[in-house]
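Notes for the structure review
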Amino acid sequence: MAPPDERALPAPDGSTGLDPEDWDSFRSLAHRAVDDLVDHLAGRRDQPVWRPMPDEVRHSFDGPLPRAAAGADAAYREVLARVVPYSMGNDHPRFWGWYMGAGHPVGNLADLVASVINPNLGGADHSPVLVEQQVVRWCAEAAGYPTSASGLLVGGASEANMVGLAVARSARLGRSLREEGMPSGRRLTVYASTEVHSCHRKSCELLGLGAAALRHVAVHDDFTLDVGALAAAIAADREAGLEPLAVVASAGTVNTGAVDDLEAVADLCEREGLWFHVDGAIGGFLGLSGSAASVRGIERADSLALDLHKWMQAPIDVGLVLVRDEPAHRSTFSVIPTYLAHTDRGIAASEVWFSEYGLALSRGFRALRVWMGFLAYGADAFGGVIDRTTALARRLAETVDAHPEVQRMAPVGCDIVCLRYAPPATAAADLDAVNREVVLRVQEGGVAVVTDTVLRGSVAVRVAISNHRTRAADLDLFLEEFVRHGREVVAERGRG
Ligand SMILES: *Cc1c(COP(=O)(O)O)cnc(C)c1O
(Lines give C-alpha, C1' and ligand atoms only; values in the text may rest on other atoms or scores of the structure.)
Protein backbone atom coordinates (compact mmCIF):
# COMPACT_ATOMS: atom_id res chain seq x y z
CA MET A 1 0.00 0.00 0.00
CA ALA A 2 1.30 3.46 -0.81
CA PRO A 3 1.94 5.80 2.15
CA PRO A 4 -0.74 8.46 2.49
CA ASP A 5 -0.08 11.74 0.78
CA GLU A 6 1.35 14.20 3.34
CA ARG A 7 -1.25 16.73 2.30
CA ALA A 8 -3.91 14.40 3.68
CA LEU A 9 -2.48 14.65 7.24
CA PRO A 10 -4.35 17.00 9.55
CA ALA A 11 -2.90 20.52 9.41
CA PRO A 12 -5.55 23.07 10.31
CA ASP A 13 -3.72 26.05 8.84
CA GLY A 14 -2.51 24.25 5.80
CA SER A 15 1.12 24.35 6.86
CA THR A 16 3.25 21.36 7.74
CA GLY A 17 4.55 22.56 11.12
CA LEU A 18 5.50 25.61 13.11
CA ASP A 19 8.28 26.90 10.91
CA PRO A 20 7.61 29.93 8.72
CA GLU A 21 6.61 29.40 5.10
CA ASP A 22 9.09 32.08 4.30
CA TRP A 23 12.38 32.08 6.22
CA ASP A 24 13.32 35.49 4.88
CA SER A 25 10.48 37.29 6.59
CA PHE A 26 11.29 35.45 9.82
CA ARG A 27 14.91 36.48 9.39
CA SER A 28 13.97 40.12 9.09
CA LEU A 29 11.81 39.91 12.23
CA ALA A 30 14.69 38.24 14.07
CA HIS A 31 17.12 40.93 12.92
CA ARG A 32 14.71 43.60 14.07
CA ALA A 33 14.39 41.93 17.47
CA VAL A 34 18.16 41.80 17.89
CA ASP A 35 18.42 45.48 16.95
CA ASP A 36 15.67 46.41 19.41
CA LEU A 37 17.31 44.45 22.22
CA VAL A 38 20.75 45.89 21.64
CA ASP A 39 19.17 49.37 21.64
CA HIS A 40 17.41 48.41 24.85
CA LEU A 41 20.67 47.49 26.56
CA ALA A 42 22.62 50.43 25.18
CA GLY A 43 20.00 52.92 26.36
CA ARG A 44 18.98 51.21 29.57
CA ARG A 45 20.66 53.70 31.93
CA ASP A 46 18.39 56.49 30.66
CA GLN A 47 15.17 54.53 31.23
CA PRO A 48 13.37 54.09 34.56
CA VAL A 49 14.65 51.06 36.46
CA TRP A 50 11.14 49.83 37.21
CA ARG A 51 7.71 51.33 36.71
CA PRO A 52 4.33 50.47 38.14
CA MET A 53 2.11 48.82 35.52
CA PRO A 54 -0.91 50.82 34.31
CA ASP A 55 -4.17 48.96 34.89
CA GLU A 56 -4.79 48.43 31.20
CA VAL A 57 -1.44 46.70 30.86
CA ARG A 58 -2.06 44.54 33.93
CA HIS A 59 -5.49 43.51 32.66
CA SER A 60 -4.24 42.89 29.16
CA PHE A 61 -2.90 39.60 30.55
CA ASP A 62 -6.34 38.38 31.58
CA GLY A 63 -7.44 37.25 28.11
CA PRO A 64 -8.30 33.65 27.17
CA LEU A 65 -6.17 31.17 25.26
CA PRO A 66 -5.73 32.40 21.69
CA ARG A 67 -6.87 29.59 19.38
CA ALA A 68 -6.09 31.36 16.13
CA ALA A 69 -2.78 32.59 14.79
CA ALA A 70 -1.80 36.22 15.17
CA GLY A 71 1.58 35.67 13.57
CA ALA A 72 5.11 36.12 14.87
CA ASP A 73 5.24 39.83 14.03
CA ALA A 74 2.11 40.52 16.05
CA ALA A 75 3.32 38.39 18.96
CA TYR A 76 6.60 40.27 19.00
CA ARG A 77 4.76 43.62 18.96
CA GLU A 78 2.93 42.52 22.12
CA VAL A 79 6.25 41.75 23.78
CA LEU A 80 7.57 45.20 22.98
CA ALA A 81 4.39 46.92 24.16
CA ARG A 82 3.50 44.96 27.26
CA VAL A 83 6.45 42.93 28.48
CA VAL A 84 9.78 44.68 27.97
CA PRO A 85 8.79 48.08 29.44
CA TYR A 86 7.31 46.51 32.59
CA SER A 87 9.94 43.94 33.32
CA MET A 88 11.71 43.73 36.67
CA GLY A 89 14.54 46.09 35.84
CA ASN A 90 17.47 44.02 37.06
CA ASP A 91 19.17 44.64 33.71
CA HIS A 92 19.47 48.32 34.76
CA PRO A 93 22.66 49.78 36.30
CA ARG A 94 20.72 51.04 39.33
CA PHE A 95 18.94 47.84 40.30
CA TRP A 96 20.15 46.66 43.71
CA GLY A 97 17.08 44.85 45.04
CA TRP A 98 17.26 41.51 46.89
CA TYR A 99 20.43 40.00 45.45
CA MET A 100 20.68 39.56 41.68
CA GLY A 101 22.91 39.92 38.71
CA ALA A 102 22.21 42.13 35.72
CA GLY A 103 22.91 39.50 33.05
CA HIS A 104 25.54 40.07 30.37
CA PRO A 105 25.24 40.48 26.59
CA VAL A 106 27.36 37.43 25.80
CA GLY A 107 25.01 35.37 27.96
CA ASN A 108 22.06 36.86 26.09
CA LEU A 109 23.57 35.72 22.82
CA ALA A 110 24.33 32.28 24.26
CA ASP A 111 20.67 31.92 25.23
CA LEU A 112 19.63 32.55 21.66
CA VAL A 113 22.00 29.89 20.38
CA ALA A 114 21.02 27.43 23.12
CA SER A 115 17.36 27.93 22.35
CA VAL A 116 17.81 27.37 18.63
CA ILE A 117 19.83 24.15 18.83
CA ASN A 118 17.71 23.13 21.82
CA PRO A 119 19.72 20.16 23.11
CA ASN A 120 18.63 18.09 26.09
CA LEU A 121 21.32 18.01 28.77
CA GLY A 122 19.86 15.02 30.57
CA GLY A 123 22.68 13.11 28.97
CA ALA A 124 23.76 11.38 25.73
CA ASP A 125 26.78 11.88 23.51
CA HIS A 126 26.84 15.43 22.18
CA SER A 127 29.09 18.43 22.63
CA PRO A 128 26.69 20.42 24.88
CA VAL A 129 27.25 17.71 27.55
CA LEU A 130 30.99 18.35 27.29
CA VAL A 131 30.30 22.08 27.60
CA GLU A 132 28.43 21.51 30.85
CA GLN A 133 31.15 19.19 32.18
CA GLN A 134 33.73 21.84 31.40
CA VAL A 135 31.62 24.54 33.05
CA VAL A 136 31.40 22.39 36.17
CA ARG A 137 35.20 22.02 36.27
CA TRP A 138 35.82 25.68 35.50
CA CYS A 139 33.42 26.78 38.23
CA ALA A 140 35.05 24.43 40.74
CA GLU A 141 38.42 25.91 39.86
CA ALA A 142 37.05 29.45 40.09
CA ALA A 143 35.55 28.74 43.49
CA GLY A 144 38.75 27.12 44.76
CA TYR A 145 37.05 23.73 45.05
CA PRO A 146 38.51 20.38 43.92
CA THR A 147 37.97 20.00 40.18
CA SER A 148 37.45 16.27 40.69
CA ALA A 149 34.07 17.06 42.29
CA SER A 150 30.89 16.04 40.57
CA GLY A 151 28.57 18.86 39.68
CA LEU A 152 25.26 19.76 38.16
CA LEU A 153 23.87 23.00 36.83
CA VAL A 154 20.45 23.73 38.29
CA GLY A 155 17.97 26.60 38.33
CA GLY A 156 19.64 28.40 41.20
CA ALA A 157 21.13 28.09 44.64
CA SER A 158 17.85 26.99 46.23
CA GLU A 159 17.99 23.83 44.17
CA ALA A 160 21.75 23.51 44.53
CA ASN A 161 21.47 23.73 48.31
CA MET A 162 18.74 21.13 48.33
CA VAL A 163 20.79 18.71 46.25
CA GLY A 164 23.69 19.13 48.70
CA LEU A 165 21.48 18.33 51.68
CA ALA A 166 19.84 15.42 49.84
CA VAL A 167 23.27 13.86 49.29
CA ALA A 168 24.16 14.47 52.94
CA ARG A 169 20.98 12.71 54.00
CA SER A 170 21.43 9.69 51.75
CA ALA A 171 25.15 9.41 52.62
CA ARG A 172 24.07 9.10 56.24
CA LEU A 173 21.06 6.84 55.81
CA GLY A 174 22.28 4.67 52.95
CA ARG A 175 20.32 2.53 50.53
CA SER A 176 17.42 1.90 52.89
CA LEU A 177 16.44 5.57 52.61
CA ARG A 178 15.77 5.06 48.91
CA GLU A 179 13.85 1.85 49.40
CA GLU A 180 11.93 2.53 52.57
CA GLY A 181 11.98 6.27 53.09
CA MET A 182 12.92 8.07 56.27
CA PRO A 183 13.50 5.69 59.18
CA SER A 184 11.16 6.23 62.08
CA GLY A 185 12.72 7.12 65.38
CA ARG A 186 15.74 8.92 63.93
CA ARG A 187 15.61 12.68 64.09
CA LEU A 188 18.30 14.19 61.91
CA THR A 189 19.24 17.83 62.48
CA VAL A 190 20.92 20.50 60.35
CA TYR A 191 22.71 23.56 61.75
CA ALA A 192 23.03 27.04 60.31
CA SER A 193 23.07 30.59 61.58
CA THR A 194 19.97 32.69 62.21
CA GLU A 195 20.95 34.54 59.02
CA VAL A 196 20.79 31.47 56.77
CA HIS A 197 18.69 31.72 53.60
CA SER A 198 15.07 30.59 53.76
CA CYS A 199 15.63 27.96 51.05
CA HIS A 200 17.22 25.69 53.65
CA ARG A 201 13.96 25.56 55.53
CA LYS A 202 12.24 24.43 52.33
CA SER A 203 14.90 21.77 51.81
CA CYS A 204 14.48 20.40 55.32
CA GLU A 205 10.72 20.27 54.82
CA LEU A 206 10.91 18.57 51.43
CA LEU A 207 13.58 16.09 52.53
CA GLY A 208 11.29 14.87 55.26
CA LEU A 209 13.46 16.22 58.07
CA GLY A 210 10.90 18.85 59.00
CA ALA A 211 11.48 22.57 59.45
CA ALA A 212 12.22 21.99 63.14
CA ALA A 213 15.29 19.98 62.12
CA LEU A 214 16.92 23.22 60.95
CA ARG A 215 18.59 24.60 64.06
CA HIS A 216 19.25 28.34 63.89
CA VAL A 217 22.44 29.18 65.76
CA ALA A 218 23.27 32.66 67.10
CA VAL A 219 25.51 35.06 65.20
CA HIS A 220 28.22 37.49 66.30
CA ASP A 221 27.83 41.27 65.93
CA ASP A 222 29.05 40.99 62.34
CA PHE A 223 26.27 38.48 61.57
CA THR A 224 28.64 35.54 61.14
CA LEU A 225 27.90 32.19 62.73
CA ASP A 226 29.02 31.82 66.35
CA VAL A 227 30.94 28.56 66.10
CA GLY A 228 31.09 28.20 69.89
CA ALA A 229 27.30 28.39 70.04
CA LEU A 230 27.18 25.89 67.16
CA ALA A 231 29.27 23.37 69.10
CA ALA A 232 27.04 23.84 72.13
CA ALA A 233 23.87 23.35 70.08
CA ILE A 234 25.22 20.13 68.57
CA ALA A 235 26.18 18.80 72.00
CA ALA A 236 22.79 19.68 73.47
CA ASP A 237 20.96 17.97 70.59
CA ARG A 238 23.05 14.82 70.89
CA GLU A 239 22.28 14.81 74.60
CA ALA A 240 18.56 15.04 73.78
CA GLY A 241 18.75 12.03 71.46
CA LEU A 242 18.75 13.91 68.16
CA GLU A 243 21.15 13.00 65.37
CA PRO A 244 23.19 15.90 63.98
CA LEU A 245 23.62 15.46 60.21
CA ALA A 246 25.08 18.57 58.63
CA VAL A 247 26.16 22.15 59.08
CA VAL A 248 25.31 24.78 56.48
CA ALA A 249 27.82 27.63 56.51
CA SER A 250 27.01 30.79 54.57
CA ALA A 251 29.63 32.28 52.28
CA GLY A 252 27.71 35.55 52.13
CA THR A 253 24.36 35.84 53.87
CA VAL A 254 21.49 37.38 52.00
CA ASN A 255 20.80 40.12 54.56
CA THR A 256 24.27 41.55 55.03
CA GLY A 257 26.70 39.43 52.99
CA ALA A 258 28.38 38.05 56.12
CA VAL A 259 30.83 35.21 55.41
CA ASP A 260 30.97 32.55 58.12
CA ASP A 261 34.34 31.26 59.32
CA LEU A 262 34.52 28.30 56.96
CA GLU A 263 37.77 26.88 58.39
CA ALA A 264 36.32 26.81 61.88
CA VAL A 265 33.12 25.14 60.68
CA ALA A 266 35.12 22.62 58.64
CA ASP A 267 37.19 21.74 61.73
CA LEU A 268 34.07 21.30 63.81
CA CYS A 269 32.38 19.12 61.16
CA GLU A 270 35.49 16.97 60.96
CA ARG A 271 35.56 16.49 64.74
CA GLU A 272 31.85 15.77 64.92
CA GLY A 273 31.55 13.63 61.81
CA LEU A 274 29.06 16.02 60.19
CA TRP A 275 28.46 16.84 56.55
CA PHE A 276 29.89 20.28 55.78
CA HIS A 277 27.77 22.18 53.26
CA VAL A 278 28.54 25.71 52.11
CA ASP A 279 25.85 28.01 50.73
CA GLY A 280 27.93 30.08 48.33
CA ALA A 281 25.02 31.64 46.45
CA ILE A 282 26.54 35.07 47.02
CA GLY A 283 30.20 34.69 47.93
CA GLY A 284 31.03 31.28 46.44
CA PHE A 285 33.21 32.83 43.74
CA LEU A 286 35.16 35.17 46.02
CA GLY A 287 38.11 32.93 45.16
CA LEU A 288 38.37 34.82 41.86
CA SER A 289 38.72 38.15 43.61
CA GLY A 290 41.10 40.05 45.84
CA SER A 291 39.02 38.87 48.83
CA ALA A 292 39.76 35.18 48.25
CA ALA A 293 41.13 34.80 51.78
CA SER A 294 37.66 35.44 53.23
CA VAL A 295 36.44 32.05 51.97
CA ARG A 296 39.40 29.95 53.04
CA GLY A 297 38.07 26.54 53.99
CA ILE A 298 35.51 26.43 51.15
CA GLU A 299 37.64 23.69 49.53
CA ARG A 300 36.90 21.44 52.52
CA ALA A 301 33.14 21.43 52.01
CA ASP A 302 31.43 18.12 51.28
CA SER A 303 29.03 20.03 49.08
CA LEU A 304 28.94 23.58 47.79
CA ALA A 305 26.02 25.52 46.30
CA LEU A 306 26.83 28.32 43.88
CA ASP A 307 24.82 30.82 41.90
CA LEU A 308 25.97 31.94 38.48
CA HIS A 309 23.11 34.42 38.07
CA LYS A 310 24.10 36.61 40.99
CA TRP A 311 27.63 38.02 41.35
CA MET A 312 28.71 36.08 38.23
CA GLN A 313 26.12 37.95 36.12
CA ALA A 314 24.89 35.07 33.94
CA PRO A 315 21.30 35.58 32.77
CA ILE A 316 18.78 33.99 35.14
CA ASP A 317 18.45 31.11 35.85
CA VAL A 318 21.56 29.09 36.57
CA GLY A 319 23.09 27.73 39.76
CA LEU A 320 25.52 24.92 40.42
CA VAL A 321 25.97 22.25 43.05
CA LEU A 322 29.36 20.63 43.58
CA VAL A 323 29.75 17.44 45.59
CA ARG A 324 33.17 16.18 46.65
CA ASP A 325 32.18 12.50 46.63
CA GLU A 326 30.89 11.65 43.15
CA PRO A 327 29.53 8.17 44.03
CA ALA A 328 27.61 9.66 46.97
CA HIS A 329 26.12 12.24 44.61
CA ARG A 330 25.16 9.75 41.91
CA SER A 331 23.77 7.14 44.27
CA THR A 332 21.39 9.73 45.73
CA PHE A 333 19.61 10.32 42.43
CA SER A 334 20.48 7.65 39.88
CA VAL A 335 17.58 5.75 38.35
CA ILE A 336 18.13 4.27 34.88
CA PRO A 337 14.96 2.98 33.23
CA THR A 338 15.35 0.66 30.26
CA TYR A 339 14.50 3.31 27.69
CA LEU A 340 17.44 5.39 28.95
CA ALA A 341 19.95 2.55 29.02
CA HIS A 342 23.47 3.81 28.40
CA THR A 343 25.33 2.23 25.48
CA ASP A 344 28.93 1.93 24.30
CA ARG A 345 28.26 3.41 20.87
CA GLY A 346 25.78 5.69 19.24
CA ILE A 347 24.07 8.71 20.73
CA ALA A 348 23.38 7.09 24.12
CA ALA A 349 27.09 6.45 24.72
CA SER A 350 28.02 9.18 27.14
CA GLU A 351 30.43 9.14 30.05
CA VAL A 352 28.10 11.29 32.12
CA TRP A 353 24.34 11.43 32.29
CA PHE A 354 23.42 14.53 34.25
CA SER A 355 19.99 13.05 34.91
CA GLU A 356 21.73 10.75 37.43
CA TYR A 357 22.78 13.71 39.59
CA GLY A 358 19.55 15.55 40.22
CA LEU A 359 15.80 15.55 39.83
CA ALA A 360 15.48 16.70 36.23
CA LEU A 361 15.64 14.42 33.23
CA SER A 362 15.17 16.95 30.45
CA ARG A 363 17.56 19.80 31.07
CA GLY A 364 18.17 22.95 29.07
CA PHE A 365 21.47 24.26 27.82
CA ARG A 366 22.08 26.71 30.68
CA ALA A 367 25.74 25.80 30.53
CA LEU A 368 26.27 27.76 27.32
CA ARG A 369 25.65 31.15 28.90
CA VAL A 370 28.31 30.39 31.53
CA TRP A 371 30.74 28.81 29.10
CA MET A 372 30.54 31.62 26.55
CA GLY A 373 30.83 34.14 29.39
CA PHE A 374 34.07 32.59 30.65
CA LEU A 375 35.45 32.39 27.11
CA ALA A 376 34.44 35.87 26.05
CA TYR A 377 35.33 37.82 29.17
CA GLY A 378 37.86 35.56 30.90
CA ALA A 379 37.35 34.41 34.48
CA ASP A 380 39.40 37.33 35.83
CA ALA A 381 36.79 39.78 34.55
CA PHE A 382 34.30 38.23 36.98
CA GLY A 383 36.83 38.60 39.78
CA GLY A 384 37.06 42.22 38.64
CA VAL A 385 33.27 42.63 38.94
CA ILE A 386 33.45 41.24 42.47
CA ASP A 387 36.30 43.60 43.40
CA ARG A 388 34.63 46.62 41.81
CA THR A 389 31.21 46.09 43.37
CA THR A 390 32.85 45.40 46.74
CA ALA A 391 34.77 48.67 46.45
CA LEU A 392 31.55 50.49 45.46
CA ALA A 393 29.85 49.06 48.56
CA ARG A 394 32.68 50.28 50.80
CA ARG A 395 32.56 53.68 49.16
CA LEU A 396 28.80 53.93 49.70
CA ALA A 397 29.29 52.87 53.32
CA GLU A 398 31.83 55.67 53.83
CA THR A 399 29.50 58.23 52.31
CA VAL A 400 26.70 56.99 54.54
CA ASP A 401 28.91 57.11 57.62
CA ALA A 402 29.70 60.75 56.91
CA HIS A 403 26.05 61.67 56.24
CA PRO A 404 24.23 63.23 59.19
CA GLU A 405 20.80 61.87 58.15
CA VAL A 406 21.68 58.33 57.10
CA GLN A 407 22.74 55.55 59.41
CA ARG A 408 24.52 52.31 58.58
CA MET A 409 22.86 49.20 59.98
CA ALA A 410 25.50 46.49 59.52
CA PRO A 411 29.10 45.92 58.53
CA VAL A 412 29.51 45.70 54.75
CA GLY A 413 29.60 42.02 53.79
CA CYS A 414 30.53 41.24 50.19
CA ASP A 415 28.82 44.05 48.28
CA ILE A 416 25.77 44.63 50.47
CA VAL A 417 25.24 47.89 52.36
CA CYS A 418 22.46 48.11 54.95
CA LEU A 419 21.38 51.59 55.92
CA ARG A 420 18.40 53.67 56.91
CA TYR A 421 17.17 57.21 56.82
CA ALA A 422 17.53 58.39 60.44
CA PRO A 423 17.84 62.14 60.88
CA PRO A 424 18.76 63.02 64.46
CA ALA A 425 15.40 64.48 65.49
CA THR A 426 13.20 61.56 64.36
CA ALA A 427 11.62 59.32 67.00
CA ALA A 428 13.16 55.84 66.83
CA ALA A 429 9.68 54.30 66.78
CA ASP A 430 8.95 56.06 63.46
CA LEU A 431 12.03 54.94 61.61
CA ASP A 432 10.70 51.57 60.46
CA ALA A 433 7.63 53.07 58.86
CA VAL A 434 9.60 55.97 57.40
CA ASN A 435 12.13 53.68 55.77
CA ARG A 436 9.56 51.27 54.36
CA GLU A 437 7.84 54.25 52.75
CA VAL A 438 11.08 55.73 51.45
CA VAL A 439 12.00 52.41 49.81
CA LEU A 440 8.65 52.34 48.02
CA ARG A 441 9.03 55.92 46.81
CA VAL A 442 12.54 55.27 45.54
CA GLN A 443 11.22 52.25 43.62
CA GLU A 444 8.19 54.09 42.24
CA GLY A 445 10.34 57.06 41.25
CA GLY A 446 12.19 54.82 38.80
CA VAL A 447 15.65 56.07 39.73
CA ALA A 448 16.79 52.96 41.60
CA VAL A 449 15.49 49.75 43.10
CA VAL A 450 16.52 48.81 46.63
CA THR A 451 14.61 46.58 49.04
CA ASP A 452 14.43 46.27 52.80
CA THR A 453 14.85 43.68 55.49
CA VAL A 454 14.78 43.49 59.28
CA LEU A 455 18.04 43.44 61.23
CA ARG A 456 17.84 42.87 64.98
CA GLY A 457 14.26 44.07 64.98
CA SER A 458 14.76 47.24 62.90
CA VAL A 459 13.95 47.86 59.26
CA ALA A 460 17.12 48.19 57.21
CA VAL A 461 17.34 49.26 53.58
CA ARG A 462 19.56 46.91 51.61
CA VAL A 463 21.67 48.09 48.72
CA ALA A 464 22.84 44.80 47.24
CA ILE A 465 25.02 46.08 44.45
CA SER A 466 25.90 42.84 42.65
CA ASN A 467 25.56 44.54 39.28
CA HIS A 468 28.40 44.83 36.80
CA ARG A 469 26.77 47.90 35.22
CA THR A 470 26.78 50.04 38.36
CA ARG A 471 29.09 53.05 38.54
CA ALA A 472 29.93 55.24 41.52
CA ALA A 473 27.73 58.05 40.16
CA ASP A 474 24.73 55.70 40.16
CA LEU A 475 25.08 55.19 43.90
CA ASP A 476 25.55 58.93 44.48
CA LEU A 477 22.34 59.57 42.58
CA PHE A 478 20.53 56.94 44.65
CA LEU A 479 21.69 58.41 47.96
CA GLU A 480 20.58 61.87 46.87
CA GLU A 481 17.13 60.52 45.95
CA PHE A 482 16.93 58.45 49.10
CA VAL A 483 17.62 61.45 51.34
CA ARG A 484 15.25 63.65 49.34
CA HIS A 485 12.43 61.12 49.79
CA GLY A 486 13.43 60.65 53.42
CA ARG A 487 13.09 64.35 54.17
CA GLU A 488 9.76 64.46 52.37
CA VAL A 489 8.33 61.47 54.25
CA VAL A 490 9.48 62.79 57.62
CA ALA A 491 8.01 66.22 56.84
CA GLU A 492 4.66 64.70 55.79
CA ARG A 493 4.47 62.60 58.92
CA GLY A 494 5.33 65.68 61.01
CA ARG A 495 2.37 67.49 59.45
CA GLY A 496 0.32 64.43 60.39
C1 LIG B 1 19.78 33.84 46.51
C2 LIG B 1 20.23 32.94 47.60
C3 LIG B 1 19.77 31.64 47.67
C4 LIG B 1 18.73 31.10 46.72
O5 LIG B 1 19.25 31.09 45.44
P6 LIG B 1 18.29 31.16 44.15
O7 LIG B 1 19.26 31.20 43.04
O8 LIG B 1 17.50 32.43 44.28
O9 LIG B 1 17.44 29.96 44.18
C10 LIG B 1 20.27 30.83 48.65
N11 LIG B 1 21.17 31.28 49.53
C12 LIG B 1 21.63 32.55 49.51
C13 LIG B 1 22.64 32.99 50.51
C14 LIG B 1 21.16 33.43 48.54
O15 LIG B 1 21.58 34.68 48.51
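The rules behind each value
Residues numbered from 1 in each chain as written. Predicted model: local features only at pLDDT ≥ 70, side-chain atom pairs only at ≥ 80, totals over all residues. Heavy atoms only, no water. Helix = DSSP H or I, 4+ residues; strand = E, 2+ residues; numbered from the N terminus. Rg over C-alpha atoms; globule rule 2.2 N^0.38 Å. Buried < 20%, exposed > 50% of the residue type's maximum accessible area, 1.4 Å probe, protein only. Contact = heavy atoms within 4.5 Å. Areas by Shrake-Rupley, 256 points an atom, 1.4 Å probe, with all protein chains shown as cover. Lys, Arg positive; Asp, Glu negative; His and termini not counted. Charge placed at Lys NZ, Arg CZ, Asp CG, Glu CD. Pairing = 2+ DSSP bridges. Axes fitted to C-alpha atoms, helices over the stretch in contact; angles between N-to-C directions. Core = buried A, V, L, I, M, F, W, Y, C linked by side-chain atoms within 4.5 Å. Domains from an automatic or database assignment. Salt bridge = Lys/Arg side-chain N within 4 Å of Asp/Glu carboxyl O. Polar contact = N/O pair within 3.5 Å; in protein donor to acceptor, adjacent residues only side chain to side chain. Near = heavy atom within 4 Å. Nonpolar A, V, L, I, M, F, W, Y, C, P; charged D, E, K, R; others polar. pLDDT = per-residue confidence, 0-100.

Details of the overall build of the protein
A tally of helices and strands in the protein yields 15 helices and 11 strands. At 25 Å, the protein has a C-alpha radius of gyration in line with the 23 Å of a compact globule built from 496 residues. Dimensions of the protein, computed from the C-alpha atoms along their principal axes, are close to 90 × 55 × 40 Å. Counting every position in the protein, which comprises 496 residues, the buried fraction comes to 48%. Taking contacts inside the protein between residues at least 6 apart in sequence as the whole, the part at least 24 apart equals 74%. About 23,800 Å² of surface is accessible on the protein, with carbon and sulfur atoms providing 54% of the total. When the 47 positive and 65 negative side-chain charges of the protein are each reduced to one mean point, those points stand 2 Å apart.

Comments concerning the sheet that holds strand β10 (residues 451-455)
Backbone hydrogen bonds are what pair the strands of a sheet, in a parallel or an antiparallel way. Pairing in this open sheet of 4 strands is antiparallel, and the strands run β8-β9-β11-β10 from one edge to the other. At either end of the open sheet lies a strand with only one pairing partner, and these are β8 (406-408) and β10. Ignoring strand direction, the axes of neighbouring strands in this sheet form an average angle of 45°. Where β10 lies against strand β11 (residues 458-464), 5 bridges are found, and the strand directions are antiparallel. From the neighbouring strand, aspartate 452 faces β11, where its bridge partner is valine 461. Against the sheet, helix α15 (residues 472-495) touches β8, β9 (416-421) and β11, its axis set at about 25° to β9.

Brief notes about the nonpolar core
If you look at the biggest cluster of nonpolar residues, it comprises 97 residues, and the most contacted ones within it are Phe276, Phe285, Leu308 and Leu322. In terms of residue count, helix α5 (residues 127-143) provides more of this core than any other element does, 8 residues in total. Summarising the domain contributions, this core has at least three residues from each of domain 1 (109-377) and domain 2 (381-495). Ignoring anything within four residues of it in the chain, the contact list for leucine 308 reads Cys139, Leu153, Phe285, Gln313, Ala314, Val318, Gly319, Leu320 and Val370. One finds Leu392, Val406, Val439 and Val450 within the second-largest nonpolar core, a separate group that totals 25 residues.

A few points about the pattern of salt bridges
Think of it this way: side chains of opposite charge can pair up when their charged atoms draw near. Applying the stated criterion across every chain, the model contains 29 salt bridges. Residues aspartate 474 and arginine 94 are paired through a salt bridge, measuring 3.0 Å at the closest nitrogen-oxygen approach. In this pair, aspartate 474 sits in helix α15 while arginine 94 sits in the loop between α3 (72-83) and α4 (105-117), placing the two residues 380 residues apart along the sequence. No difference in accessibility class separates aspartate 474 from arginine 94, as the two residues are buried. Overlapping salt bridges bring together Glu437, Arg441, Glu481, Arg484, Glu488 and Glu492 as one network.

A few points about the side chain of arginine 369
Along the chain, arginine 369 turns up in helix α12 (residues 367-377). Given a relative accessible area of 9%, arginine 369 falls into the buried group. One polar contact links arginine 369 to aspartate 111, side chain to side chain, over a distance of 2.7 Å.

Considering the site of the ligand
Within the structure, the ligand sits among 14 residues, and Ser158, Asp279, Asp307, His309 and Lys310 are positioned closest to it. Interatomic distance of 2.9 Å between a backbone N/O atom of alanine 157 and an oxygen atom of the ligand. Contact with the protein chains removes 85% of the 370 Å² of surface that the ligand exposes when unbound. Per-element tally for the shell around the ligand: the top contributor is helix α6 (residues 157-173), with 3 residues. Residue composition of the shell around the ligand, grouped by class: 5 nonpolar, 6 polar and 3 charged.

Thoughts on the confidence of the model for the protein
Here the protein averages 96 in pLDDT, while 97% of its residues score no lower than 70. Confidence, expressed as mean pLDDT per element, reaches its minimum in the protein at helix α7 (residues 175-180) with 94 and its maximum at strand β6 (residues 303-307) with 99.

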